[in-house]
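Structural overview
Now for the letters of each chain:
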Amino acid sequence: MRENFGSKIGAVLAAAGSAVGLGNIWRFPIETGRNGGAAFILIYIGCIFLIGLPVMLSEFVIGRSSQANTAGAYRKLAPGTQWKWVGRLGVFTGFVIMSYYVVVAGWTIQYAWLALTNQFAGKTAEDFPVIFSQFASNPWQPIVCLVIFVWLTHYVVVKGVTRGIERWSKVLMPMLFILVMGLVIGAVSMPGAKAGISFLLQPDFSKVNGGVVLNAMGQAFYSLSLGMGCLCTYASYFNRQTSLARTALNVCVIDTLIALMAGFIIFPAASAAGYHLQSGDIGASLLFITLPNVFQQAFAHLPLLSYVFSLLFYLLVILAALTSTISLHEVVTSYMTEEFGFRRSRAALVETVTCMLLGCICSLSFGPLQNHKLAGMTIFDLFDWTSSNLLLPIGGMFISIFVGWYLKRELVKGELTNNGTLRVRGLRVLIFILRFVAPLAILGIFLNQLHLF
Ligand code: PHE
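This section reports on the structure supplied with the text. (Residues numbered from 1 in each chain as written. Predicted model: local features only at pLDDT ≥ 70, side-chain atom pairs only at ≥ 80, totals over all residues. Heavy atoms only, no water.)

**Side note on the packing of aromatic side chains**
How two aromatic rings sit relative to each other is set out by the distance from centre to centre and by the angle between their planes. If you walk through the whole model with that rule in mind, you get 31 aromatic pairs. Centroid distance Tyr-100 to Phe-380: 5.5 Å. Interplanar angle 80°. Geometry classified as edge-to-face. Remark: Phe-380 occurs in helix α16 (residues 379-406) and Tyr-100 occurs in helix α5 (residues 84-116); sequence separation between them is 280 residues. As far as the burial class goes, Tyr-100 and Phe-380 line up, both buried. (Phe/Tyr/Trp six-rings, centres within 6.5 Å; stacked < 30°, edge-to-face > 60°. Helix = DSSP H or I, 4+ residues; strand = E, 2+ residues; numbered from the N terminus. Buried < 20%, exposed > 50% of the residue type's maximum accessible area, 1.4 Å probe, protein only.)

**Some points on empty space enclosed by the protein**
Inspection of the entire model under this criterion finds 4 cavities of 30 Å³ or more. In terms of lining residues, the largest cavity is bounded by 18 residues, among which Ser-18, Tyr-101, Tyr-222, Ser-225 and Leu-328 are the most central. Put simply, the parts of the chain that give the lining of the largest cavity at least two residues each are α1 (8-19), α2 (22-34), α5, α10 (210-223) and α14 (303-340). Residues that form the lining of the largest cavity fall into these classes: 10 nonpolar, 8 polar and no charged. (1 Å grid on protein atoms, 1.4 Å probe; cavity = no way out; pocket = protein on both sides within 12 Å on 5 of 7 lines; lining within 4 Å. Points joined across faces, edges and corners; volume = space filled by probe spheres on them. Nonpolar A, V, L, I, M, F, W, Y, C, P; charged D, E, K, R; others polar.)

**Some details on helix α3 (residues 38-66)**
Between the first and last C-alpha of α3 there are 40 Å, a value that for 29 residues agrees with the 42 Å anticipated at 1.5 Å per step. At Gly-52, α3 is deflected by roughly 40°, the largest bend along its length, and proline Pro-54 occurs up to four residues later in sequence. Burial within α3 is extensive, with 24 of its 29 residues counted as buried. Positive phi appears at Gln-67, one or two residues downstream of α3, with a value of about 55°. (Expected span 1.5 Å × (residues − 1). Bend = angle between axes of the 7 residues up to and from the residue.)

**Side note on the layout of surface pockets**
It is the rolling of a water-molecule-sized probe over the atoms that shows where space remains empty. There is about 560 Å³ of room inside the second largest pocket. Around the second largest pocket sit 26 residues that line it, and Leu-57, Ala-245, Arg-246, Val-424 and Arg-425 are the ones nearest its centre. Looking at the lining of the second largest pocket residue by residue, the classes come out as 16 nonpolar, 6 polar and 4 charged.

**Observations concerning the site of the ligand**
Around the ligand sit 15 residues, and of these Ala-19, Gly-23, Tyr-101, Tyr-222 and Ser-225 come closest. Side-chain polar atom of Tyr-101 to an oxygen atom of the ligand: 2.5 Å apart, as the coordinates give it. In isolation the ligand exposes 320 Å². Once the protein is present, 100% of that is buried. More than half of the atoms belonging to the ligand lie within 2 Å of the grid points that define the largest cavity. Counting only elements with at least two residues in the shell around the ligand, the list comes to α1, α2, α5, α10 and α14. (Near = heavy atom within 4 Å. Polar contact = N/O pair within 3.5 Å; in protein donor to acceptor, adjacent residues only side chain to side chain. Areas by Shrake-Rupley, 256 points an atom, 1.4 Å probe, with all protein chains shown as cover. Sits in = over half its atoms within 2 Å of the grid points.)

**So, the environment of Thr-233**
Note on placement: Thr-233 falls in helix α11 (residues 230-235). With near-sequence residues (within four places) excluded, Thr-233 lies in contact with Thr-70, Glu-330, Val-331 and Ser-334. (Contact = heavy atoms within 4.5 Å.)

**Remarks on a nonpolar patch on the surface**
Taken together, the side chains of Phe-49, Phe-177, Met-181, Leu-249, Val-253 and Leu-257 make up a nonpolar region of the molecular surface, amounting to roughly 460 Å² of accessible area. For the nonpolar patch, the elements supplying multiple residues, two or more each, are α8 (161-188) and α12 (244-272). Considering every element that reaches the nonpolar patch, the biggest residue donor is α12, with 3 residues. Looking at the secondary structure, you find Phe-177 in helix α8. Phe-177 sits in the partly exposed class, given a relative accessible area of 32%. (Patch = residues over 30% accessible without salt bridge, like charges linked within 9 Å, V, L, I, M, F, W, Y side chains within 5 Å. Salt bridge = Lys/Arg side-chain N within 4 Å of Asp/Glu carboxyl O.)

**Structural notes on the nonpolar core**
Phe-5, Met-56, Ile-62, Tyr-111, Leu-287, Phe-313 and Phe-402 are the most contacted members of the largest nonpolar core, which totals 160 residues. Setting aside chain neighbours within four positions, we find Ile-62 in contact with Ala-73, Tyr-74, Leu-77, Cys-232, Ile-399, Phe-402 and Val-403. (Core = buried A, V, L, I, M, F, W, Y, C linked by side-chain atoms within 4.5 Å.)

**Quick notes on the pattern of salt bridges**
Within the structure shown, the criterion is met by 8 salt bridges. The partner of Lys-170 in a salt bridge is Glu-166, and the shortest N-O contact between them spans 3.7 Å. Pair noted here: Lys-170 and Glu-166 are both in helix α8, with a separation of 4 residues, about one helical turn. The class of Glu-166 is buried, set by a relative accessible area of 3%.

On their own, these measurements won't tell you what the molecule is for.
Listed below in structure tokens is the structure:
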């Protein structure tokens with residue numbers, strides 16, 4: 001018997017847990033900084049609701065109607081066709097993302113540890129780049145952190161859908177929300193926070209161009225965990241009473257709120273610490289170089305506050321990343337259980353060990369393997385680049401085409417209305433978006449990412 005999420009709130013929190021992750025707390029502020037602030041945010045929100053929400057609904061329809069892992073889903077819904085490759089591609093993408101995601105997730109464990117043992121105290125802006133590069137290039141330390149992270153994920157996934165994923169999402173997500181709220185209040189009340197707040201609230205549309213729009217859409221996909229069957233797998237655990245439309249809407253709102261709140265932590269705190277918000281200061285190393293320094297400088301006279309702020313922040317990132325790695329892990333675990341008849345514990349173990357090995361290689365690409373490059377990229381960069389710039393957009397495009405063009409309209413309607421028991425408006429608009437708007441828009445992101453635009 002397949003397990004189900006026991007409650008509606010459990011379903012929402014598990015899916016929101018998948019969506020909320022490093023994408024919200026790390027990637028979103030970076031993209032916002034690079035793409036000009038408030039105007040980018042408005043476009044991003046448009047992308048979430050205009051394209052992200054319909055594609056999420058598609059994954060939900062595929063998952064719940066098939067009651068199968070992402071590869072099995074296409075096998076069941078489109079027997080004898082090549083659509084199964086879309087599912088398999090999703091499983092493969094899950095492997096790839098998980099393998100490098102745990103490297104960054106592992107770093108957050110180290111930073112939480114440094115915060116806990118008060119090792120940031122008294123450090124200056126010059127010290128933080130050194131701390132980071134020494135740590136990341138060390139051959140074994142990041143690997144220990146990564147292994148801890150993968151095993152934390154394994155522990156939850158092995159317990160199963162209800163007792164593992166659902167139960168932990170119900171604990172971790174509210175904790176995460178409380179932490180974010182506390183940090184936002186702390187950050188916006190810092191002296192000097194005002195510049196950061198207005199950066200987020202006053203749109204300057206003169207900076208908007210095609211690239212900004214496409215970046216916003218790419219970010220929306222990544223942040224919502226779309227395009228690889230993660231939410232399709234979770235939806236296969238939704239029960240028959242769950243309203244797909246309401247769940248998807250809740251997940252989109254929660255994910256957007258957390259991303260915005262992460263912005264309201266980072267930009268006010270950074271402006272309070274004297275950073276120029278649009279310069280390269282808020283760069284890719286945001287989470288591990290800029291932020292620990294921000295926390296030190298912003299509370300220069302209140303070391304206790306620096307301590308509490310840093311510790312809570314890294315704890316928050318760990319929680320957010322964990323609920324995402326759980327969902328990535330589950331895609332592969334459910335695939336191996338259902339398609340190859342593995343016991344759950346064994347399937348999870350295979351995924352865990354493989355990810356640890358691949359994760360180690362990704363991690364070493366910051367140290368001993370940094371000169372081993374393929375197509376000019378280190379292994380870590382290659383995994384990151386191929387998954388978010390190639391595999392997710394391709395997956396997302398096929399998912400919307402599958403539901404928009406291939407699946408019977410009656411089936412889609414039946415799923416969205418729970419066989420006529422719920423009233424759902426806008427079905428026509430949804431199908432129109434899935435048939436034309438989403439695939440073309442995604443094709444746009446895709447070509448842009450390949451620098452063909
Ligand atoms: N959405 C996750 C985040 O924001 C990342 C992710 C992408 C997770 C794809 C699963 C699948 O961090």
